[in-house]
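Residue-level structure breakdown
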Amino acid sequence: MDIADLVPPTRVVMQRALRQPLLHFLLLGGLLYEAMPLLPEMARPEPIEISAPQLAAWQTDWRRQLGRAPDAAEWQAYMQQRVDEEILLREALRRRLDQTDGVTRERLIRNLRFAFPETTDNDSELLAQARLLQMPVRDAVVRRRLVQLMEQRITGQAELTAETLQTYLQRHPQRHLAEGHVSFAQVFFEGRDAEARARVVLNSLPVSDRGAGVGDPFLLGREFTGLSLVQLQQQFGEAFARLAQVAPLGKWQGPVASVYGWHLLRVISRSAASVGAHQQGQSLQMSYAALAEQEQVVLQQALQRLRHRYRVELPAQGLEPVP
Amino acid sequence: MRVPVHVARLICIALVAGLVGCNRSEPELVLGGQTQAPIVTKQCRNHNVLRQPFFGDLHVHTKYSLDANTQGTIVGPHEAYQFARGERLGIQPYTADGVALRTTQLARPLDFAAVTDHAELFGETEICTNPDYVEYNAPECQLYRASPEQSFVFFNLMAVGLPELPQFPVPGAPVVSDLPVIGDNGQIPRLPYCGVNGERCITAAKTPWQDIQRAAEAYYDRSADCRFTTFVGYEYTAAPLSNNLHRNVIFRSEVVPEIPPAFQEYSAPEYLWKALTAQCHEAEGCSYLTIPHNSNLSAGLMFETKDKRGNDYTTEFARTRQENEPLAEITQHKGQSECLGTTGVGAQDELCNFEILPYNNLTGDRFGGLNTGPPKEQDFLRSALKQGLKLEQSLGVNPFKYGFIGSSDTHIGTPGNVLENNFPGHGGAGMGSRDAVPVGLSDVIEVNPGGLAVLWAEENRRDSLFAAMRRREAYATSGTRPIVRFFGGYDYPADLCGSQDFVRIGYDHGVPMGGDLVKPGTPGMKPRFAVSALRDPGANGEPTQPLQRIQIIKGWIDASGTQQEKVYDVAGDANNGATVDLNTCETRGSGFASLCTVWEDAAFDPSQSAFYYARVVENPSCRWSTQQCVAAKVDCSQPDTVPEAFAGCCDARFPKTIQERAWTSPIWYRPPAS
């Protein structure tokens, strides 16, 4: 026997193989696997019907909150936000979160026991009734809870990677910047002749003098250490803060006005904002902040996908805001 | 035998309280090649031993307060803290890509804030107490049910770290070549309370309480700049029959109970304190205080003199209350709780007529006034302080020894947004750029933008600020930022205000706000109070008014046991002629940039208990509602022309102008035991 006879021709092997149920299973599975992401689009989208009264209520909400009608872009975004909320709610219900989440269950059962104090139904029966009554959709607290639970399920998948942290830092360089700061002494003058008195003192004050014993009392004191520019502006005003930024070190300057009166100013030390120094010991801070941003990215990506599962049905004039 | 992971984990958790490590190789944080604890305790650059005032908001709701806002607010704790730090906040609506179409920003950042969402809706407890819940049989839940107080898992400073930190360069980004990040595998940095091994938090589902803690960590500036401090906190939401017994719980550090004790399980404040005491141990780095608010809406409950079971207070109960609650919120969005000014001996204080809500509980004007009534004097702090002196006489301890703070109670995640001139409404969806004629008042007429908490602390760090709260060196403002010092002693010189050392002498010769006067060194000496205030300087175009006057309010129990009060004008000028043009809201007349005085209580009787606090009053200005009514050109003389949405403009029950103000915490005097 020729050894070649023992080896079936390739075509025959193929034919046999193609008849194997296992392969069919695998091929079909592979196809389905590949097609999975496309399935939501292929499936008939579930309708989200928005009634005219619902739209009118949204319009009223908007006007009440902003005191004006939305423009077209704002209205579009506002409607999208409401639709997204509805999508998350439906996804939560699809996963029966209204039956399993503690807060939701408690609220629904309490609602029904309040409405029907004589009921002898157990919790499970009450929850079923709540669904029939569409209570998870209608009760504002339950609705918000379900939407948030769904959001949390999605955002809980966010991952923190080197890339997300880098993106975060580039977006918020100021948040982790070490601030510039100024240390200084000041002498305060109040009353009608405050400015003139300040000038007289300035002319007689030796350069190295610390300014003790001159001027009027000031509640916040005479010497200030390590104030940031923002703190300076908030406490003493723009003019004072500007002078503190440019005044030569160690020399009495001024007078400069604040809301309280007039000041002489002697800058003791000053440092500019330094990039990065702030980041030492801030790793946990940055990680959480970056993660929170990434969660929003993940949520938006998920919503983009989920929107394909739904078809929004609007009344005729729904797309344009009512003036 | 191999121990199942969940059992090992359970054992670990159980052992945590005893500091017995589970001896896994615990990774340590590596920064720049040096081993450090991840939480670095530093002294702030602008540390000041004589203390400085820090402005903040300790009552902030975000999206996690589900009941508070069903209008789609999606501002979470992260965004709330960003806003408090002065960053621009994107607010709804958002485009399909999540980009906000509107923004809002504080003209002046805050120094500190605490997000305090309603714990009752977090759902954490339910996870462990509801058998239907999938995590019910998780080891931590078994432990929780078996022994709630042991389930408190704390942050071990020495052991915790960020596991498997890769080092990576960040090209173009500020610094740093040795920036640690949680790894390529996308592990999330564990929360501080995750215990020695930290696994439970890494594996646990994301929850509101976790997110709140993460946000508090993310925006707490632990560098020497000390720009901003956060506190982990929550609101305990007890309100039987809508009568408000709410408390904000503020934790000193990141070490907090795993599950915040809530009203469902702890149905009275005394049970709350017990639960917190059991779950929050000082030795483990956890400490807390509770801050009641809106006593004005408690329908007589907040300062009842009986406990939950209707029994008279015991000394022990009074002590527990005083130790747990050094502060109360005297003002916020839903009205002031200082004084009603209508009843009691000597209760004639026209300045009590300031942001008073016209009902006495949270029902408000819903249901046509059923289930509520007019406000009650006993629900206001001045009355409670007097009642506290009275109780102290019989119990030996004052249960109502409250210092004061203000806060906003914002329900849109915007801490410190408390100005009259840009009030978006606390239940609304955010500050509108009112670029067209408004269609109505931005909130119901009786509420207001809320107030601020001010703490005198050495530096802007949690420890320092928390200590200020504990010793009540705190004051409240109605939203503006005047600076107020208040000291009590016996031998302050009459000309102390002329001294450059006012503050040092204030401390050295007496006690600051929140303190207790010691007994007179020499018989016959009378207490003196040194009070000094600087006006709110304003900034970035915020309109502020100069000061009008300082008052000292004294409450005492007289020889016959009767509660008394008296208001003294001690500095400034009540008749300085400052006015407001109600057609334009323009202010006229002068005031004071600063005021200072030393006042002696000539009527002091060393045998009578007393308290003293200062009220610093600014010149009048338009109330938020008046500003909106003027902008909308509402004419109340022609009622037919007033749109329904502006009807509040013509409601004579509410003043057109207000006087912004600060309330210092009291200084108490207790006669020596006879």
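Moving on: the sheet that holds strand β4 (residues 252–257) of chain A. Residue and element names in this part refer to chain A. Pairing is antiparallel across the open sheet formed by four strands, whose spatial order is β3-β2-β5-β4. Every interior strand has two partners, whereas the edge strands, β3 (223–228) and β4, have only one. Direction aside, neighbouring strands of the sheet carry axes that sit 40° apart on average. When strand β2 (residues 181–189) meets strand β5 (residues 262–271), the two strands line up antiparallel, connected through nine bridges. The partner of Phe184 across the bridge, within β5, is Val267. Against the sheet, helix α13 (residues 194–204) touches β2, β4 and β5, its axis set at about 180° to β4. On the sheet, helix α14 (residues 229–236) packs against β2, β3, β4 and β5 and is oriented at approximately 120° with respect to β3.

Looking now at the sheet that holds strand β17 (residues 483–489) of chain B. Residue and element names in this part refer to chain B. Spatially, four strands are ordered β18-β17-β20-β25 in an open sheet, and the strand pairing comes out antiparallel. In the strand order of this sheet, the two ends are held by β18 (510–512) and β25 (594–600), each with one partner. Adjacent strand axes in the sheet meet at a mean angle of 15°, parallel and antiparallel pairs treated alike. Inspection of the sheet shows strand β20 (residues 528–534) paired to β25 by seven bridges, in the antiparallel sense. The residue bridging Ser532 from the neighbouring strand is Cys596, located in β25.

Residues and elements named next belong to chain B. At a closest axis distance of 8 Å, the pairing of helix α2 (residues 77–84) and helix α6 (residues 208–218) adopts a crossing angle of 25°. Classified by the interaxial angle, the pair formed by α2 and α6 is roughly parallel. For the pair α2 and α6, the sense of crossing is right-handed. Residues Pro77, His78 and Tyr81 of α2 lie in contact with α6, whose contacting residues are Asp211, Ile212, Arg214, Ala215, Ala216 and Ala218. Split by residue class, the contact of α2 with α6 holds six nonpolar, one polar and two charged.

Residues and elements named next belong to chain B. When pLDDT is averaged across chain B, the result is 80; 75% of the residues are at 70 or more. Here residues 148–185 is modelled with pLDDT under 50, and outside its nearest four sequence neighbours on either side it reaches 128 contacts, counting other chains as well. Predicted confidence is poor over residues 192–204, with pLDDT under 50, and the contacts of this stretch with residues over four places away or in other chains come to 45 contacts. Of the two predicted TM-score estimates for the complex, the pTM is 0.84 and the ipTM is 0.81.

Each value, and the rule that gives it
Residues numbered from 1 in each chain as written. Chains lettered and ligands numbered in written order. Predicted model: local features only at pLDDT ≥ 70, side-chain atom pairs only at ≥ 80, totals over all residues. Heavy atoms only, no water. Pairing = 2+ DSSP bridges. Helix = DSSP H or I, 4+ residues; strand = E, 2+ residues; numbered from the N terminus. Axes fitted to C-alpha atoms, helices over the stretch in contact; angles between N-to-C directions. Contact = heavy atoms within 4.5 Å. Parallel < 35°, antiparallel > 145°, perpendicular 65-115°, else oblique. Left-handed = near helix turned anticlockwise from the far one by under 90°. Nonpolar A, V, L, I, M, F, W, Y, C, P; charged D, E, K, R; others polar. pLDDT = per-residue confidence, 0-100.

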